[in-house]
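# Coordinate analysis (summary)
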Amino acid sequence: MDKKYNVLIVGATGLVGQELLSLLETTSIPIASLTCCASFRSKGKTVKFHEETLPIVELDPKLFMHCDIAFFCAGGTVSQEFIPIARKHTLCIDLSSAFRLDPDVPLVIPEINKEALLHHQGVIASPNCTATLLLMAIYPLYKEFGVRRIVTSTYQAASGGGITLIRKLLNDTESALQGHKQSSESYGFNLFLHNSPLSEEKFSAEEIKLKEESKKILSDPSLSISATCVRVPVLRAHSLSVNVECAKDLHLESVYTAMRNMPGLQIQEDLDAALFPTPFMASFQKETFVGRIRLDPTRKNCVDMWVVGDQLLKGAAYNGLQIAEQVIALL
Ligand SMILES: NC(=O)c1ccc[n+]([C@@H]2O[C@H](COP(=O)([O-])OP(=O)(O)OC[C@H]3O[C@@H](n4cnc5c(N)ncnc54)[C@H](OP(=O)(O)O)[C@@H]3O)[C@@H](O)[C@H]2O)c1
């Protein structure tokens, strides 16, 4: 008889946790039980799963003992504290950044490096959302032509910063519309460099994640990425402007062919209607979208493109679920 799995979501009331909950309703994983937990603040809340109403319980290490797969979507601090306990009992799929660069933890985008799953030791990390969307778009070129250098600027949605940043965008926008004086940090009708700490060299934590995680996923320490990450007043779905320098000679048609063959990547270009990917069209979609694909006339073997994807899905919950589905398929 097929095995059924006891599943736990840590952080089930958050943006990623809520997406995961709804994706689990249609997963191929046979689910025996689903437990949803969050912080003490959510005690007494409930969530819907299929026709059932499930209570949100407070995170407690005892929950790991009756669980086969635990998804961690409650931030790096919670993952760092609880995954070392949980991994003794259950497979941990971590959506936070806590273990992504740990050499003993596979960092996986299933369309790119699912073979890394074979070597897991109880913990698998799902990459940074922006790194995931970037690699989904450039991987076909990486495979076909080799990639020397990537230059990217990102346009990241508020939901990438969790519920707190969505509230800030909505509150600041309303305050601006009411005519209140805004500060330079106000988010309504404004944008700012990614709200993560800067290194001594003035790179944000997001920019460093993008570079280091991409190298790990592609097992390519020599990959050069220059990134500037920006938060824009968009609720959902990240966008990236990307310039890729390839090692081999490029023809536009072969770029299209390589991209068309990449699972999970969709070319969206209607030149007559001037339709290209936007955060609105990419929202709630599992695919990564690419458009405005053009050769860069200023540099040999370089291609420019515009990439958009729902970072809560392919950049987080959906990628995490794909990891679980793949691990089960490999068993
Ligand atoms: N948002 C994205 O686009 C995105 C993309 C990729 C990866 N991620 C990663 O996914 C994780 C979740 O992000 P999010 O955007 O969903 O954040 P969020 O909306 O702020 O949700 C955070 C969740 O964590 C729970 N939580 C916080 N402290 C806890 C504690 N001490 N014990 C148990 N649960 C606790 C919260 O529960 P309460 O409701 O009870 O406070 C809530 O369910 C983060 O690590 C983030 O870096 C996010």
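Up top you'll find the structure we're talking about.
Summarised in this report is the structure supplied together with it. The shown structure was predicted, so the numbers you read here are calculated from the model rather than taken from an experiment. (Residues numbered from 1 in each chain as written. Predicted model: local features only at pLDDT ≥ 70, side-chain atom pairs only at ≥ 80, totals over all residues. Heavy atoms only, no water.)

The next point concerns the overall build of the protein. Helices and strands together make up the secondary structure of the protein, namely nine helices and 14 strands. Against the globule reference of 20 Å for 331 residues, the protein gives a C-alpha radius of gyration of 20 Å, in line with a compact fold. Overall, the protein is about 60 × 55 × 45 Å in size when its C-alpha atoms are taken along their principal axes. Sorting the 331 residues of the protein into buried and exposed places 51% on the buried side. Across the protein, the fraction of contacts at a sequence separation of at least 24, relative to all contacts at a separation of at least 6, is 68%. Working note: accessible area of the protein is about 15,800 Å², and carbon and sulfur atoms make up 53% of it. Within the protein, the 36 negative side-chain charges are centred at a point lying 3 Å from the centre of the 32 positive side-chain charges. (Helix = DSSP H or I, 4+ residues; strand = E, 2+ residues; numbered from the N terminus. Rg over C-alpha atoms; globule rule 2.2 N^0.38 Å. Buried < 20%, exposed > 50% of the residue type's maximum accessible area, 1.4 Å probe, protein only. Contact = heavy atoms within 4.5 Å. Areas by Shrake-Rupley, 256 points an atom, 1.4 Å probe, with all protein chains shown as cover. Lys, Arg positive; Asp, Glu negative; His and termini not counted. Charge placed at Lys NZ, Arg CZ, Asp CG, Glu CD.)

Close to the ligand lie 27 residues, the nearest being T13, V16, S39, S42 and S159. For the ligand, an oxygen atom lies 2.6 Å from a polar atom in the side chain of S39. Within the contact set of the ligand, an oxygen atom lies 3.1 Å away from a side-chain nitrogen or oxygen of Q311. Coverage of the ligand by the protein amounts to 79% of the 900 Å² it exposes when considered alone. Counting residues per element, the ones that place at least two in the shell around the ligand are helix 1 (15-24), helix 5 (162-177) and helix 9 (313-330). Here the shell around the ligand is built from residues that sort into 13 nonpolar, 12 polar and two charged. Looking at the shell around the ligand, you find at least three residues from each of domain 1 (5-127 + 316-330) and domain 2 (131-311). (Near = heavy atom within 4 Å. Polar contact = N/O pair within 3.5 Å; in protein donor to acceptor, adjacent residues only side chain to side chain. Nonpolar A, V, L, I, M, F, W, Y, C, P; charged D, E, K, R; others polar. Domains from an automatic or database assignment.)

Moving on, we get to the environment of R149. Inspection of the secondary structure puts R149 in strand 8 (residues 147-156). Overall, R149 belongs to the partly exposed group, its relative accessible area being 37%. Taking C-alpha positions, R149 is 31 Å from F284, a pair spaced 135 residues apart along the chain. Once residues lying within four places of it in the same chain are set aside, the contact partners of R149 are S224, N243, V244 and E245.

A full pass over the atoms with the stated rule returns 10 salt bridges. In this structure, the salt-bridge partner of R100 is E213, at a minimum N-O distance of 3.2 Å. Of this pair, R100 sits in the loop between strand 6 (91-94) and helix 3 (110-113) while E213 sits in helix 6 (residues 205-217), placing them 113 residues apart in sequence. Exposure remark for E213: the relative accessible area of 2% places this residue in the buried category. Notably, a salt bridge pairs K168 with D172, separated by 2.8 Å at the nearest N-O pair. Here the residue K168 and the residue D172 both occupy positions in helix 5, the gap between them amounting to four residues, near one helical turn. (Salt bridge = Lys/Arg side-chain N within 4 Å of Asp/Glu carboxyl O.)

Moving on: the environment of D310. Looking at the element boundaries, D310 is found in the loop between strand 14 (302-309) and helix 9. For the pair D310 and P279, spaced 31 residues apart in the sequence, the C-alpha separation amounts to 7.5 Å. Aside from chain neighbours lying at most four places away, what touches D310 is R236, A237, A282, S283, F284, Q285 and G315.

It is worth spelling out the state of the cysteines at this point. By definition, a disulfide links the sulfur atoms of two cysteines through a covalent bond. As enumerated under the stated definition, the model contains zero disulfides in all. In this structure C302 is a free cysteine whose sulfur lies 7.5 Å from that of C246, the closest cysteine sulfur available. Taking the relative accessible area as the measure of exposure, C302 reaches 1% and is therefore buried. (Disulfide = S-S within 2.5 Å.)

Geometry only, nothing functional implied.
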